[in-house]
Amino acid sequence: MTLDIKLTSSVNDFDLNIDLSLNTSKVTAIFGPSGSGKTSLLRAIAGLGNRKNASISFNGEVWQNHSADNRVFVPSYKRKLAYVFQEPSLFEHLSVMVNIEYGAKRVSADQEGISPEEAIESLSLAKLLQRDVNTLSGGERQRVAIARALCSKPRVLLMDEPLAALDDASKKEILKMLVTLRHQLNIPIIYVSHSIDEVARLADDVVLLERGSVVTSGSVQSILTQLDLSLAHDSDAESIVDAVVAAHDDEFGLTYLDSKVGRFSVLRREFGQGEKVRVMVSAKDVSVTLNRQRDTSILNIFPAVITEVKEAGPSHVTLKLDANEVVVLASVTKKSAAIMRLEVGTSVYLQAKSVALL
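What counts, and at which threshold
Residues numbered from 1 in each chain as written. Predicted model: local features only at pLDDT ≥ 70, side-chain atom pairs only at ≥ 80, totals over all residues. Heavy atoms only, no water. Pairing = 2+ DSSP bridges. Helix = DSSP H or I, 4+ residues; strand = E, 2+ residues; numbered from the N terminus. 1 Å grid on protein atoms, 1.4 Å probe; cavity = no way out; pocket = protein on both sides within 12 Å on 5 of 7 lines; lining within 4 Å. Points joined across faces, edges and corners; volume = space filled by probe spheres on them. Nonpolar A, V, L, I, M, F, W, Y, C, P; charged D, E, K, R; others polar. Salt bridge = Lys/Arg side-chain N within 4 Å of Asp/Glu carboxyl O. Buried < 20%, exposed > 50% of the residue type's maximum accessible area, 1.4 Å probe, protein only.

### Some points on the sheet that holds strand S14 (residues 263-267)
Turning to step 1, where the next piece is worked out: Pairing within the open sheet is antiparallel, and its 5 strands lie in the order S14-S13-S12-S15-S21. Strands at the two margins of the open sheet, each flanked by one partner only, are S14 and strand S21 (356-357).
Turning to step 2, where the next piece is worked out: With 5 bridges connecting them, strand S12 (residues 238-249) and strand S13 (residues 254-258) associate as antiparallel partners. Across the sheet, Val-244 pairs through a bridge with Asp-258, a residue of S13.

Pasting the structure below:
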């Protein structure tokens, strides 16, 4: 099932030219720099503004069509979606509980979706329910806004940089909650962001926008590791590996994760055995050797083959490694690459000095 979007418009010298088909069973991140058209795309999906030259359909249901012989425009409220803005739009004179209940009152009790009780628990709002929203911190207000949106049981959840205005502590707290909710919700989520960290943790698929056009789209793993994109060469270049919690090691305080790459060792985290997780490996934390090192403190060492080598500035190159059909990036100096004769087809061992469990 898909959300199909075709947009062609020009407003104030900004051209928007979009042709997309999004998988509605996944979380899709709309990613790109400021001014790339992310919010314009999201507002068009929401029906906020009747754009000309637009065609939008959700799972075969036409929401907008401006062809000459079949003009259709379904208003926002009939699309049955929820929109979480960068700045929470709450009812200032009402309590947290009443704000949350407002979303639930607009749908029938038997409609499939998350309940107010579930939203309150997932977003840790139980202690705030009787507070007036104008007494809340920015992070607390945004958690209430997300809960209210979820309680409206939307067919699509749209989120427009919901963490951008928050401090780092609030961002980390809410991001962790969203990662958990991602697995609980059975609705498509379209998440706008210019934060690669948020995208890596939340998204299944990524649409990369620049200057109002789609540069590329695909799985988060493939987009982050395409060497023809700047994402694979900047200081935050990273790879995402899907894994499953295999076991915990109480003696050494470690958690073991099984993946196609191999078994990762990470600092112990309280995940259940068999739980699906993501491992984020930063390119700058990956080194390579031609032979497996025995006397080393690095625990995560896996065989791989170099599939691509690309310059990443005056002193470094980025290696694209195939580790049992999983792509992992490594950033090494040009001198090291020359001394070791690292080239396409070379068999190596990748050494991940540190990894992050998402």
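Now that the structure has been shown, the text picks up again.
### Re empty space enclosed by the protein
Turning to step 1, where the next piece is worked out: Per the stated rule, a full pass over the model turns up 3 cavities of 30 Å³ or more.
Turning to step 2, where the next piece is worked out: Reported here for the largest cavity is a volume of approximately 90 Å³.
Turning to step 3, where the next piece is worked out: As for the largest cavity, its lining consists of Val-27, Ile-146, Leu-150, Leu-157, Met-159, Leu-178, Leu-181, Arg-182, Leu-185, Ile-189, Tyr-191 and Leu-202.
Turning to step 4, where the next piece is worked out: Listing elements by their share of the lining of the largest cavity, those giving two or more residues are helix H4 (138-151), strand S8 (156-160), helix H5 (168-184) and strand S9 (189-193).
Turning to step 5, where the next piece is worked out: No other element matches H5, which puts 3 residues into the lining of the largest cavity.
Turning to step 6, where the next piece is worked out: When the residues that make up the lining of the largest cavity are grouped by side-chain class, the tally is 11 nonpolar, no polar and 1 charged.
Turning to step 7, where the next piece is worked out: Space inside the second largest cavity adds up to approximately 40 Å³.
Turning to step 8, where the next piece is worked out: In terms of lining, the second largest cavity is formed by Leu-3, Leu-22, Asn-23, Thr-24, Lys-26, Thr-28, Val-156, Pro-188, Ile-189 and Ile-190.
Turning to step 9, where the next piece is worked out: Only strand S2 (14-23) and S9 provide two or more residues apiece to the lining of the second largest cavity.

### Observations concerning the pattern of salt bridges
Turning to step 1, where the next piece is worked out: Applying the stated criterion across every chain, the model contains 13 salt bridges.
Turning to step 2, where the next piece is worked out: Across the pair Glu-61 and Arg-155 runs a salt bridge, and its minimum N-O distance is 2.8 Å. Taken together, the residues Glu-61 in strand S5 (residues 61-67) and Arg-155 in the loop between H4 and S8 connect sequence positions 94 residues apart.
Turning to step 3, where the next piece is worked out: Overall, the relative accessible area of 26% leaves Arg-155 in the partly exposed class.
Turning to step 4, where the next piece is worked out: Here Asp-258 and Arg-263 are joined by a salt bridge, their closest N and O atoms 2.7 Å apart.
Turning to step 5, where the next piece is worked out: Note on Asp-258: relative accessible area 33%, which makes it partly exposed.
Turning to step 6, where the next piece is worked out: In the salt-bridge network here, residues are joined through shared partners; they are Arg-182, Asp-204, Asp-242 and Arg-278.

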